[in-house]
Amino acid sequence: QVSPSTSHRWDVIPAGAPPGGVQHSKVALLLWQGHARLIVASANLTVAGYRENIEIFLVFDWPSQERVAHIFRDAASFIEIVLRRHTEGQDGPASPGGRARDTIRALRGRIPQAEARAARRGEGAVELVHSLRDGSLLEQAFSDCWRWGSPREATVVSPYFISRAPEPSQPVGLDAVRARLAPRGDVSCEVAATRVALPGEHTRIEIPEAVTSSIGRGELNISIWERSERESERKLHAKAICFWHRKGSMVICGSANCTGAGLGLRGSPQNIELSVAIGDSEGRALEDWLPRLLPLPEGPLSWDTSHIDEESNGSFADRLPEKFREALYHPAADE
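Residues numbered from 1 in each chain as written. Predicted model: local features only at pLDDT ≥ 70, side-chain atom pairs only at ≥ 80, totals over all residues. Heavy atoms only, no water.

Would you explain the sheet that holds strand 7 (residues 195-198) in this entry?
Consider a sheet: its strands pair through backbone hydrogen bonds, and that pairing is either parallel or antiparallel. The strand order across the open sheet formed by 3 strands is 7-8-14, and the pairing between neighbours is mixed. Because the sheet does not close on itself, it has two edges, and the strands there are strand 7 and strand 14 (301-304). Each strand axis lies, on average, 30 degrees off the axis of its neighbour in the sheet, ignoring direction. Both strand 8 (residues 202-208) and strand 14 contribute to a ladder of 4 bridges, which runs parallel. Opposite Arg 204, over in strand 14, you have Ser 302 as the bridge partner. (Pairing = 2+ DSSP bridges. Helix = DSSP H or I, 4+ residues; strand = E, 2+ residues; numbered from the N terminus. Axes fitted to C-alpha atoms, helices over the stretch in contact; angles between N-to-C directions.)

I keep staring at the packing of aromatic side chains and nothing clicks. Help me out?
The relative placement of two aromatic rings is captured by the distance of their centres and the angle of their planes. One pass over the full model with this rule turns up 4 aromatic pairs. When the centroid spacing of 5.1 Å and the interplanar angle of 70 degrees are considered together, the rings of Tyr 50 and Phe 57 count as edge-to-face. Among the residues examined, Phe 57 registers a relative accessible area of 35% and is labelled partly exposed. The interplanar angle of 75 degrees and the centroid separation of 4.9 Å between the aromatic rings of Phe 142 and Phe 243 together place this pair among those described as edge-to-face. Placement of the pair is Phe 142 in helix 5 (residues 137-145) and Phe 243 in strand 10 (residues 240-245), with a sequence separation of 101 residues. Classification of Phe 142 by relative accessible area gives buried; the value is 11%. On the basis of relative accessibility, which here comes to 0%, the residue Phe 243 falls in the buried class. (Phe/Tyr/Trp six-rings, centres within 6.5 Å; stacked < 30°, edge-to-face > 60°. Buried < 20%, exposed > 50% of the residue type's maximum accessible area, 1.4 Å probe, protein only.)

Please explain the pairing of strand 8 as it appears in this structure.
In summary, the side chains of a regular strand alternate between the two faces of the sheet. Judged from the 4 bridges that link them, strand 7 and strand 8 form a sheet pairing that is antiparallel. Bridge assignment links Arg 195 to a residue of strand 8, and that residue is Ile 205. From the end of strand 7 to the start of strand 8, which pair antiparallel, there are 3 residues, and Gly 200 there has a positive phi angle of about 75 degrees.

When you look at helix 4 (residues 96-110) in this model, what are you seeing that I'm missing?
For an α-helix the count is 3.6 residues per turn, leaving residues at separations of three or four pointing the same way. Under the 1.5 Å per step criterion, the end-to-end length of helix 4 is 21 Å for 15 residues, consistent within 8% with the ideal 21 Å. Every buried residue of helix 4 is listed here: Pro 96, Gly 97, Gly 98, Ile 104 and Leu 107. Structurally, helix 4 contributes buried residues whose contacts are with strand 1 (27-31), strand 2 (36-41) and helix 3 (69-86). (Expected span 1.5 Å × (residues − 1). Contact = heavy atoms within 4.5 Å.)

Which parts of the structure should I look at to understand the side chain of His 86?
In this fold, His 86 is placed in helix 3. Residue classification places His 86 among the buried positions, given a relative accessible area of 15%. Look past the residues within four positions of His 86 in its chain and what remains in contact with it is Pro 14, Ala 15, Gly 16, Ala 17, Pro 18, Ile 81, Leu 132 and Ile 272.

It is not clear to me how unusual backbone geometry should be interpreted in this structure. Could you clarify?
For residues other than glycine, phi is negative in most cases, and the peptide bonds are mostly trans. Cis geometry marks the peptide bond from Trp 62 to Pro 63, where omega comes out at 5 degrees. For Glu 201, which is not glycine, the phi dihedral falls at a positive 55 degrees. Mapped onto the elements, Glu 201 comes out in the loop between strand 7 and strand 8.

Whenever I open this one, the packing of helix 3 against helix 4 confuses me. Can you help?
Each pair of packed helices can be summarised by the angle the axes make with each other and by the distance between the axes. Put simply, helix 3 and helix 4 touch, their axes get as near as 10 Å, and they point 160 degrees apart. Comparing the axis directions of helix 3 and helix 4 gives the class roughly antiparallel. For the crossing formed where helix 3 meets helix 4, the hand is left-handed. Contacts between helix 3 and helix 4 involve Phe 72, Arg 73, Ala 76, Ser 77, Ile 79, Glu 80, Leu 83 and Arg 84 from the former and Ala 100, Arg 101, Ile 104, Leu 107 and Arg 108 from the latter. A class-by-class count of the residues in the contact of helix 3 with helix 4 yields 7 nonpolar, 1 polar and 5 charged. (Parallel < 35°, antiparallel > 145°, perpendicular 65-115°, else oblique. Left-handed = near helix turned anticlockwise from the far one by under 90°. Nonpolar A, V, L, I, M, F, W, Y, C, P; charged D, E, K, R; others polar.)

Looking at this structure, I do not really get helix 3. What am I missing?
In this model, helix 3 (18 residues) spans 26 Å end to end at C-alpha, consistent with the 26 Å of a helix rising 1.5 Å per residue. Buried residues dominate helix 3, accounting for 13 of its 18 residues.

Got a minute to help me understand the layout of surface pockets in this structure?
Rolled over the atoms, a probe as big as a water molecule pinpoints where empty space is left. Computed from the structure, the second largest pocket encloses a volume of approximately 550 Å³. Every residue lining the second largest pocket is counted, 28 residues in all, and those nearest its centre are Thr 194, Arg 195, Val 196, Glu 206 and Arg 227. For the lining of the second largest pocket, the secondary structure elements donating two or more residues are strand 6 (188-193), strand 7, strand 8 and strand 9 (219-225). The dominant element in the lining of the second largest pocket, judged by the number of residues it contributes, is strand 8, at 4 residues. Considered class by class, the residues forming the lining of the second largest pocket number 12 nonpolar, 7 polar and 9 charged. (1 Å grid on protein atoms, 1.4 Å probe; cavity = no way out; pocket = protein on both sides within 12 Å on 5 of 7 lines; lining within 4 Å. Points joined across faces, edges and corners; volume = space filled by probe spheres on them.)

Right, dumping it as structure tokens:
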């Protein structure tokens with residue numbers, strides 16, 4: 001039992017992942033009496049994630065005239081699978097796990113299967129892609145949301161590119177993105193990075209130089225996501241992969257870094273990841289999601305350390321203690 005002064009009325013459920021990976025998805029499901037909200041994000045539930053970093057949040061509300069009912073139901077299934085396969089602890093009605101399942105049941109009662117209609121002609125595709133489905137996140141996104149020929153361009157935003165396996169120094173996630181580009185004709189891939197100005201007109205690019213060793217056809221350009229002077233300390237933690245074709249475009253954003261573990265590539269550690277894929281027939285309409293990216297500055301450049309991605313070998317500083325299991329809040333004990 002914990003006191004309300006320290007628990008803030010949180011239920012905490014320890015979650016694991018397949019061997020070699022971690023639970024890396026970031027999803028929030030909020031229920032009110034007449035409203036539901038789903039948030040799929042790149043941000044961890046930390047002060048940095050919600051108040052300091054550059055992050056991406058996708059927010060879905062119900063009731064809605066938009067085609068989003070299936071997103072809520074798919075998210076409920078995702079959370080339910082995580083609870084069933086990858087959590088420990090008590091499972092009774094008054095336990096954290098039991099209360100979580102009650103929330104899922106309540107959501108399904110609010111949004112019945114009949115509300116999950118098919119897309120209408122000309123309507124953009126919006127689908128959840130995650131590591132608890134078959135296939136990599138890229139394979140799922142192209143199957144669910146891509147309706148055109150092979151893309152000609154890609155833009156990648158990710159704070160991490162290197163996994164522990166299969167090759168610690170090779171950006172296999174970026175290789176997989178470039179492999180999706182057209183096999184013939186001009187193609188290009190752009191990687192967005194932030195920079196830090198150093199003395200002597202020297203610049204440090206905040207991604208590892210290993211990115212430049214990516215394998216694939218066409219040009220690979222490193223561009224600058226320019227931060228304003230008052231935001232120069234903000235860390236780029238957003239994760240987005242955009243594909244372009246003259247007839248349509250698609251963006252994949254959520255928890256997954258552009259790494260083998262993040263994208264669920266074969267031979268890499270298997271994380272639990274959740275992202276949203278959005279396909280749009282208006283050509284480059286999704287381009288407005290990103291700021292204008294600038295060319296690399298002139299002068300001497302240095303590159304960030306080749307950090308192993310956060311999901312495979314991150315800091316343990318923000319994790320719960322190893323023996324922590326559950327926090328149970330009992331309102332009656334306040335009296």
